[in-house]
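Examination of the molecular architecture
Spelled out from the first residue to the last, the chains are:
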Amino acid sequence: MLKTENLSYSYNQKDWISFPDIHCEADTSHLILGQSGTGKTTFLHLIGGLLQSKKGKVIVKGTDITSLKGQALDRFRGDNIGIVFQQAHFINAISVEENLMIAQRLAGKPIDKSGIKDILGILNIEHKATANPKHLSQGEKQRVVIARALINKPAVILADEPTSALDDKNCAEVVGLLERTAKDVDAALVIVTHDNRLMDYFPNQIRLS
Amino acid sequence: MNLVKLSWKNIISKPLNLLLSMVLFGLGIGLINFLVLLNHQLKNQFDKNLAGIDVVIGAKGSPLQMILCNMYHIDNPTGNISVKEAAPFLNPKHPLIEKAIPLSLGDSHKSYRIVGTNHSILELYGGSIETGKLWVQHFEVTLGRVVADELGLKIGDRFQSSHGFQDVDDLVHEHGDGFEIVGILAPTGSVLDQLILTTTKSIWDVHGHEDEEGGDHDHDDHAHDEHDHDDHAHDNHGHDDHAHDDHAHHDHEHDETGFNLVDYPDEQITSLLIKFRNRTNFQALSLPRNINENTDMQAASPPIEINRLYSMIGVGVDALRNIALLIALVSAFSIFISLFSSLKDRQYELALMRVMGAGQQSLFFLIIMEGIILAIVGCFLGLLISHIGMEVLAGYAKASYRYSLTGWLFLKEEMWMVLGSVVIGIIAALIPAMRAYGTDIHETLAR
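Residues numbered from 1 in each chain as written. Chains lettered and ligands numbered in written order. Predicted model: local features only at pLDDT ≥ 70, side-chain atom pairs only at ≥ 80, totals over all residues. Heavy atoms only, no water.

Each helix and strand in chain B was counted, giving 13 helices and 13 strands. Within chain B, contacts between residues at least 6 apart in sequence are counted, and of these 79% link residues at least 24 apart. (Helix = DSSP H or I, 4+ residues; strand = E, 2+ residues; numbered from the N terminus. Contact = heavy atoms within 4.5 Å.)

In terms of regular secondary structure, chain A is built from six helices and 10 strands. The C-alpha atoms of chain A give a radius of gyration of 17 Å, which matches the 17 Å a tight globule of 209 residues would have. Structurally, chain A occupies a C-alpha span of about 50 × 40 × 30 Å along its principal axes. Burial status across chain A gives 56% buried among its 209 residues. If you take every contact in chain A between residues at least 6 apart in sequence, the share linking residues at least 24 apart comes to 70%. Here chain A holds 25 positive side-chain charges and 24 negative ones, and the gap between their average locations is 6 Å. (Rg over C-alpha atoms; globule rule 2.2 N^0.38 Å. Buried < 20%, exposed > 50% of the residue type's maximum accessible area, 1.4 Å probe, protein only. Lys, Arg positive; Asp, Glu negative; His and termini not counted. Charge placed at Lys NZ, Arg CZ, Asp CG, Glu CD.)

We now examine the domain arrangement of chain B. All names here are of chain B. Structurally, chain B comprises domain 1 (3-46 + 308-446) and domain 2 (55-300). Contacts between the two partners involve 10 residues from domain 1, matched on the other side by 10 residues from domain 2. Across the domain 1 to domain 2 interface the summed buried area is about 940 Å²; carbon plus sulfur atoms make up 56%. Scanning the region where domain 1 abuts domain 2 turns up zero salt bridges. One can count one residue pair in polar contact (both at pLDDT 80 or more) joining domain 1 with domain 2. Listing elements by their share of the side of domain 1 that touches domain 2, those giving two or more residues are helix H2 (15-50), helix H10 (302-355) and helix H11 (360-401). The element contributing the most residues to the side of domain 1 that touches domain 2 is H10, with three residues. By residue class, the composition of the side of domain 1 that touches domain 2 is five nonpolar, two polar and three charged. (Domains from an automatic or database assignment. Buried area = accessible area lost by both parts, 1.4 Å probe. Salt bridge = Lys/Arg side-chain N within 4 Å of Asp/Glu carboxyl O. Polar contact = N/O pair within 3.5 Å; in protein donor to acceptor, adjacent residues only side chain to side chain. Nonpolar A, V, L, I, M, F, W, Y, C, P; charged D, E, K, R; others polar.)

This paragraph deals with the interface of chain A and chain B. Listed as interface residues are 29 residues of chain A and, on the opposing side, 23 residues of chain B. For the pair chain A and chain B, the summed buried surface comes to about 2400 Å²; carbon and sulfur atoms form 66% of the total. Viewed at the interface, chain B and chain A are joined by two salt bridges. Close ionic contact of A:Glu98 with B:Lys9 constitutes a salt bridge, the shortest N to O distance being 3.0 Å. Those elements that place two or more of their residues in the side of chain A that touches chain B are helix H1 (40-48), helix H2 (70-80) and helix H3 (96-106) of chain A. Per-element accounting of the side of chain A that touches chain B gives the leading share, six residues, to H3(A). Of the residues contributing to the side of chain A that touches chain B, the split by class is 15 nonpolar, eight polar and six charged.

Okay, the sheet that holds strand S7 (residues 81-84) of chain A next. Residue and element names in this part refer to chain A. Judged by pairing direction, the sheet is parallel, and its five strands sit side by side in the order S7-S8-S9-S4-S10 without closing on themselves. Of all the strands in the sheet, just S7 and strand S10 (205-207) have a single pairing partner and so form its edges. Across the sheet, the mean angle separating the axes of adjacent strands is 15° when strand polarity is ignored. Relative to strand S8 (residues 156-160), S7 runs parallel, the two sharing four bridges. Bridge pairing in S8 links Ile83 to Leu158. (Pairing = 2+ DSSP bridges. Axes fitted to C-alpha atoms, helices over the stretch in contact; angles between N-to-C directions.)

Turning to the packing of H2(B) against H10(B), a few remarks are in order. When two helices pack together, their arrangement is captured by the angle between the axes and the distance separating the axes. Residue and element names in this part refer to chain B. Across the interface, H2 lies against H10 with an axial gap of 8 Å and an inter-helix angle of 165°. With respect to H10, the element H2 is oriented roughly antiparallel. Where H2 crosses over H10, the two elements pack in a sense that is left-handed. A breakdown of the residues in the contact of H2 with H10 according to their chemical character gives 22 nonpolar, six polar and three charged. (Parallel < 35°, antiparallel > 145°, perpendicular 65-115°, else oblique. Left-handed = near helix turned anticlockwise from the far one by under 90°.)

So, about the environment of B:Ala397. Its place among the elements puts B:Ala397 in helix H11. You can call B:Ala397 buried: its relative accessible area is 7%.

Our next topic: the packing of helix H3 (residues 63-70) of chain B against H10(B). Residues and elements named next belong to chain B. With their axes 9 Å apart at the nearest point, H3 and H10 run at an angle of 105° to one another. Considering their axes alone, H3 and H10 lie roughly perpendicular with respect to each other. Along the contact surface, H3 presents Pro63, Leu64, Ile67 and Leu68, while H10 presents Pro302, Glu305, Ile306, Arg308, Leu309 and Met312. Within the contact of H3 with H10, the residues separate by chemical class into eight nonpolar, no polar and two charged.

The subject of this paragraph is the environment of B:Ile323. Residues and elements named next belong to chain B. Along the chain, the position of Ile323 falls in helix H10. What makes Ile323 partly exposed here is its relative accessible area of 46%. Between the alpha carbons of Ile323 and Leu31 there is a distance of 8.7 Å; along the sequence they are 292 residues apart.

Applying the stated rule across the entire model yields 21 salt bridges over all chains. Notably, a salt bridge pairs A:Asp79 with A:Lys109, separated by 2.8 Å at the nearest N-O pair. Taken together, the residues span a long stretch of sequence, with A:Asp79 in helix H2 and A:Lys109 in the loop between H3 and helix H4 (113-122) at a distance of 30 residues. On the basis of relative accessible area, A:Asp79 is assigned to the partly exposed category, the value being 27%. The closest approach of N and O atoms between B:Glu370 and B:Arg346, which form a salt bridge, is 2.8 Å. Of the two residues, B:Glu370 sits in helix H11 while B:Arg346 sits in helix H10, which places them 24 residues apart along the sequence. Judged on exposure class, the residue B:Glu370 and its partner B:Arg346 are both buried. A cluster of three or more residues bridged by salt bridges with shared partners is formed by A:Asp74, A:Arg77 and B:Arg354.

This is how it looks when you write it as structure tokens:
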């Protein structure tokens, strides 16, 4: 599902950060650990196609996304990669439901209202469908973010510090939801974090240094 | 939920920004369109009422005033001319003049003007009788359609005329049974619709009668007299060179009523509307100058005077138009500012859209769309303002000038107004859209 080969990146073309090769099958979860400054976010963005490197390969579902350009890359990302960010951001002018619709639309998929209803139901926030995301609690926001990452049934789900803003109870809940829903859609889950609480949940761990 | 809908939602989520752009843009477009509408309708009215009249002859004074009074019926007369002076132009065998229509003004009914004239005035405006008949006997009147409709008058009704053109009770004449309505004209869309037509002699009689009664009105403020015409009325000195003596009487046709104007050389009329046989004839062209130089009357060409009027109003209109353009420019700037400042708050949002699969061009399109929507909403507000303004003005113009303007006439120029707004919206959104296009997702999201 997700594979990297000899991936490295440089912001100034002099100092190169090298990343370990990873290989994640569908239905598996990986934890990428590292202290601040070890390039966790850079790694995640490279895998997610938000950043492109001239060195190395990122292969998602058989496609080397480092070779994709422009609109093709955007489309591929929208279609195959779901990303959960540390901070829960939304398009604030529209409702939770509409945020999910626009995610479907931008990935070039037809709008599927019952799919949206299902996923909100699984995450137990169905009742907030028509609410403005601004008015949700932190835990609710994180769930909507997960819903948005899952809505297009991506092959890979990337999560960047998904629990750092959450207390222990919410942390456990969010991790559980991420893992379960990723399995539901047969996606490979990759979590980038420095949150040691998560180490107990995921046996597959890769440490950046 | 598509990009256009998202643009719209983005805009209405910031109602104050929307309001500001809308009001500014609305004012600019509203003012411009108001001027276009007004210009169009006034020109239309003025042109329709030119009615092929080549020259107006009346008492000396302001030529523009004379034209406005005798052709458009919105100003006071410059005074009167004596029939004796006017007689040569009434000769049907006049080599240059095809038609000369005498007008006698000075009275009104509920501020609709009563015009003493003959039936040939109908030919000027393409008027025809709709119900009843044309005026024949003295004190018979035929109403223009608007007069009949607005005052709710019908055939057989009678009314007393009043002095001058204002609707003032204590200036009402008491003259026997007054005027009797014998007919109503079909609508022509011209000034004819606003007139009450009667015989020339009726106008004289109303005033002659009053003189016998001892004249309870001060005649100096009577419209027939108010523009002191003593200088041309008291005698007929010094224009023997002009071809008008008594020889021509038998050449003048009696009109439909059996009345022959030139039989009353001592009476007065307000003006003559002249139509030339051939308006490019050199002699015809120099006739007005001859009249102005050699008689106590003046002659003026309607198109020339109306163009003069346009050019006088034009300065003000140009100034207004420039102000309106300035407002439109400022509003374009406000759209630019509002989009540009919203980008700062929405950087993360835009990056997120990219993550979800939106291409750079989609973000560009989104912001451009927001500019277009802001401009179009403002434009429609402006069009609405201009039409309401026009309708308000129409009410006022109707009350004061008996002019029928309307706020509900839509011109195809307004389509251009909408298109122009779209262009302004695009231009205002261009730089913000380019910024959105260039959003660096990695940098924005890593922050």
